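# Descriptive structure summary
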Amino acid sequence: LSKFPPSLNRIFFVNSGSAATDLAVRLAEAYTGRCEYLVLDYAYHGNTRAAIGLSPYKFNRKGGKGKPDNVIILDGSKTIGNKGEINLQEISGDVPYTFFAESIVGCAGQIVLSSDFMQKTVSRVRSAGGIYVADEVQTGFARVGHSFWAYELYDVIPDMVILGKPMGNGHPMGAVVCTEAIAKSFETGMEFFSSFGGNPVSCVIGSAVLDVIEEEGLQQNALTVGEYLLNEMGFWKNKENWLPDVSDFVVRAVRGSGLFLGIELLSPANGLPATKATVEIVNKMKDRGFLLSTDGPYNNVIKFKPPMCFTMENAGELIRELSSVMAFRKLTSI
Ligand SMILES: Cc1ncc(COP(=O)(O)O)c(C=O)c1O
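These numbers were taken from a predicted model, which means no experiment stands behind them. (Residues numbered from 1 in each chain as written. Predicted model: local features only at pLDDT ≥ 70, side-chain atom pairs only at ≥ 80, totals over all residues. Heavy atoms only, no water.)

Turning to the overall build of the chain, a few remarks are in order. Looking only at helices and strands, the chain has nine helices and 13 strands in total. For the chain, whose C-alpha radius of gyration is 20 Å, the value lies close to the compact-globule estimate of 20 Å for 334 residues. Principal-axis analysis of the C-alpha atoms places the extent of the chain at approximately 65 × 45 × 35 Å. Considering the chain as a whole, with its 334 residues, one finds that 51% of them fall into the buried category. (Helix = DSSP H or I, 4+ residues; strand = E, 2+ residues; numbered from the N terminus. Rg over C-alpha atoms; globule rule 2.2 N^0.38 Å. Buried < 20%, exposed > 50% of the residue type's maximum accessible area, 1.4 Å probe, protein only.)

Shown next as structure tokens:
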């Protein structure tokens, strides 16, 4: 809890990010007395029934049943940069919505939100008694470099935070951190019980993870290595830096923070997503020993989320290999 501002002073331990989302939903409903949600497009919050209902990445794709009636999707992609244009007009002024937001939207293609959008949305939500839940399952624990939690990038303090993945560095752990008022509203309702949440072995592991982040300076490492990568990858955005401009992709954007980055590729012919090129580049990189992935609605964003111990030397190698794979592909995809 010492990693959070004073208002976030209650913690519930569970065993996964999904269990944390599920519990956050119960807490939110106890506190607001309502079940209305705002979510970002292409968000993913977990695999339980409640979490899928808040995850356009699931309910709007293969096998999904579409958007539940109690959910409004905000188009997070419009918030890139600092435009802050958003479909806030769809939000009713007197409903206490619970606003769920991944602090950088991974499945949407590593979308960094804007402070303006976050501040406007949260202030609108709070004015009707609603709350803001930050999902830090992917972005938390120093990964974004500039801060320990990615929500800090936007200067808004959440009412609840969901934790998972890196919390146990591979060991299954999750948690919900919230305000005293939210925890109190839950006290009088149905009892919450978790057999393994907060067991001593998990807590020792979680505590060791925090120690290692501190002792090995991993937040500073994420910042230094991440800034270097953003800078080097930014070079590819400039068309003149390429060899012959004859290929089926250009780099449209390089974005993210610390060791949570994305490179978006478009077709130069029609500006559409360059999905085929993205998938091929990621596969070629695997042959060279680098596990990247594709993300975004069209799988045209190369997602980069390495272990936190990724060094400057590793980063140099990554840039060399990625440059060579991309340049080779450019030369041969005529
Ligand atoms: C942003 C986000 N929230 C929640 C979850 C769910 O976490 P878990 O897989 O630990 O249940 C994930 C998992 O990928 C995630 O990326």
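Moving on, there is more to tell.
This part covers the sheet that holds strand β7 (residues 131–135). The pairing of strands in a sheet comes from backbone hydrogen bonds and takes either a parallel or an antiparallel form. Across the sheet, seven strands lie side by side as β1-β9-β8-β7-β4-β2-β3; this open sheet has mixed pairing. Looking at strand neighbours, the two that pair on one side only are β1 (10–14) and β3 (71–74), the edges of this open sheet. In this sheet, adjacent strand axes meet at a mean angle of 20° when their direction is disregarded. Both β7 and strand β8 (residues 160–163) contribute to a ladder of three bridges, which runs parallel. What sits directly across from D135, in β8, is I162. Sheet contacts for helix α1 (residues 17–32): β1, β2 (37–40), β4 (98–102), β7, β8 and β9 (174–178); angle to β8, the most-contacted strand, approximately 165°. Packed onto the sheet, helix α4 (residues 115–127) meets β2, β3, β4 and β7 and runs at close to 160° relative to β4. (Pairing = 2+ DSSP bridges. Axes fitted to C-alpha atoms, helices over the stretch in contact; angles between N-to-C directions. Contact = heavy atoms within 4.5 Å.)

Our focus in this paragraph is helix α8 (residues 275–287). Look at α8: 19 Å from first C-alpha to last across 13 residues, which is about the 18 Å you get at 1.5 Å a residue. G289 sits one or two positions beyond α8 and adopts a positive phi of about 95°. (Expected span 1.5 Å × (residues − 1).)

Moving on, we come to the environment of D69. Of note, D69 is situated in the loop between α3 (56–59) and β3. When the C-alpha atoms of D69 and E36 are compared, they prove to be 8.7 Å apart, with 33 residues separating the residues in sequence.

This part is about the site of the ligand. The immediate surroundings of the ligand are formed by S16, G17, S18, Y44, H45, G46, E102, D135, V137, Q138 and K165. K165 places a polar side-chain atom, nitrogen or oxygen, 2.7 Å from an oxygen atom of the ligand. Here the ligand loses 83% of its free accessible area of 390 Å² to cover by the protein chains. Of the residues that constitute the shell around the ligand, the class distribution is two nonpolar, six polar and three charged. (Near = heavy atom within 4 Å. Polar contact = N/O pair within 3.5 Å; in protein donor to acceptor, adjacent residues only side chain to side chain. Areas by Shrake-Rupley, 256 points an atom, 1.4 Å probe, with all protein chains shown as cover. Nonpolar A, V, L, I, M, F, W, Y, C, P; charged D, E, K, R; others polar.)

What follows concerns the side chain of D159. Secondary-structure assignment places D159 in the loop between β7 and β8. With relative accessibility at 13%, the residue D159 sits in the buried group. In this structure the side chain of D159 is engaged in a polar contact, spanning 3.1 Å, whose partner is the side chain of R126.

Here we take up the side chain of S267. Within the secondary structure layout, S267 lies in the loop between β11 (260–266) and α8. Looking at S267, the relative accessible area reads 15%, which means it is buried. Engagement of the side chain of S267 in a polar contact is seen with the backbone nitrogen of A269, the distance being 3.2 Å. Within the structure, the side chain of S267 is placed 2.9 Å from the side chain of N270, a separation counted as a polar contact. Residues within four places of S267 in sequence aside, it is in contact with D248, L272, P273 and A274.

Neither face of β8 is left uncovered, since the one carrying M160 and I162 and the one carrying V161 and L163 both have all their residues buried. Taken together, the four bridges between β8 and β9 define a ladder with antiparallel strand orientation. Paired with L163 across the bridge in β9 is A175.

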